[in-house]
Amino acid sequence: MSQPDSAHIFLSGDHPGPATLGQVLPLCQRRIAADGGWDVARSLGVLPDTLIGDMDSVRDFPVTDGGMEGSPRIIRHPVDKDFTDTELALDRAWRD
């Protein structure tokens, strides 16, 4: 039986820290940052595969968009939207 695909979603705010992250990340095939979660991931030395949201909270915005090796796929949404950045990230994790 194969293991189901899984994703780790980085959100802005408090996080459990590098020790817990080191236990969880190896189990995840994908890493998604919801808006300001990008900065949290980068502060922990992690490069997410995808950055999604309206980008109003990202301080350290990536230079390239998925076209280069190691660059994230960037999915930008308008500020005026029906879903939170966290909901967009959950939907992306579910659909990808």
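Above this text you will find the structure in question.
This structure is a prediction, so every number in the text was calculated from the model and none was measured.

Definitions and cut-offs
- Residues numbered from 1 in each chain as written.
- Predicted model: local features only at pLDDT ≥ 70, side-chain atom pairs only at ≥ 80, totals over all residues.
- Heavy atoms only, no water.
- Helix = DSSP H or I, 4+ residues; strand = E, 2+ residues; numbered from the N terminus.
- Buried < 20%, exposed > 50% of the residue type's maximum accessible area, 1.4 Å probe, protein only.
- Contact = heavy atoms within 4.5 Å.
- Pairing = 2+ DSSP bridges.
- Axes fitted to C-alpha atoms, helices over the stretch in contact; angles between N-to-C directions.
- Arc of directions from axis to C-beta.

**Considerations on the overall build of the protein chain**
In terms of helices and strands, the protein chain carries 3 helices and 4 strands. Going from the N terminus to the C terminus, the protein chain shows its helices and strands as β-α-β-α-β-β-α. Among the 96 residues that make up the protein chain, the fraction classed as buried is 38%. Across the protein chain, contacts joining residues at least 24 apart in sequence account for 37% of those joining residues at least 6 apart.

**Overview of the sheet that holds strand β4 (residues 73–76)**
Spatially, β1-β2-β3-β4 is the arrangement adopted by the 4 strands of the open sheet, whose pairing is parallel. In this open sheet, the two strands that pair with only one neighbour each are β1 (7–10) and β4. Between one strand and the next, the sheet's axes are offset by a mean angle of 20°, whatever the strand orientation. In this structure, strand β2 (residues 30–34) lies alongside strand β3 (residues 50–53), joined through 3 bridges in parallel fashion. Along β3, the bridge assignment pairs Ile32 with Thr50. The strands touched by helix α3 (residues 85–95) within the sheet are β1, β2, β3 and β4, with β2 carrying the most contacts at an inclination of about 160°.

**Overview of α3**
Every buried residue of α3 is accounted for by Asp85, Leu88, Ala89, Arg92 and Ala93. Buried residues of α3, viewed axially, fall in a sector of 135°; they line one side. Turned more than 90 degrees from where α3 packs its buried face, Trp94 and Arg95 sit exposed. Residues of α3 that are buried make contact with β1, β2, β3 and β4.

**Let's talk about the side chain of Asp85**
Position of Asp85 among the secondary structure elements: in helix α3. Not counting residues within four places of it along the chain, the set of residues in contact with Asp85 comprises Ala34, Asp35, Gly53, Asp54 and Asp56.

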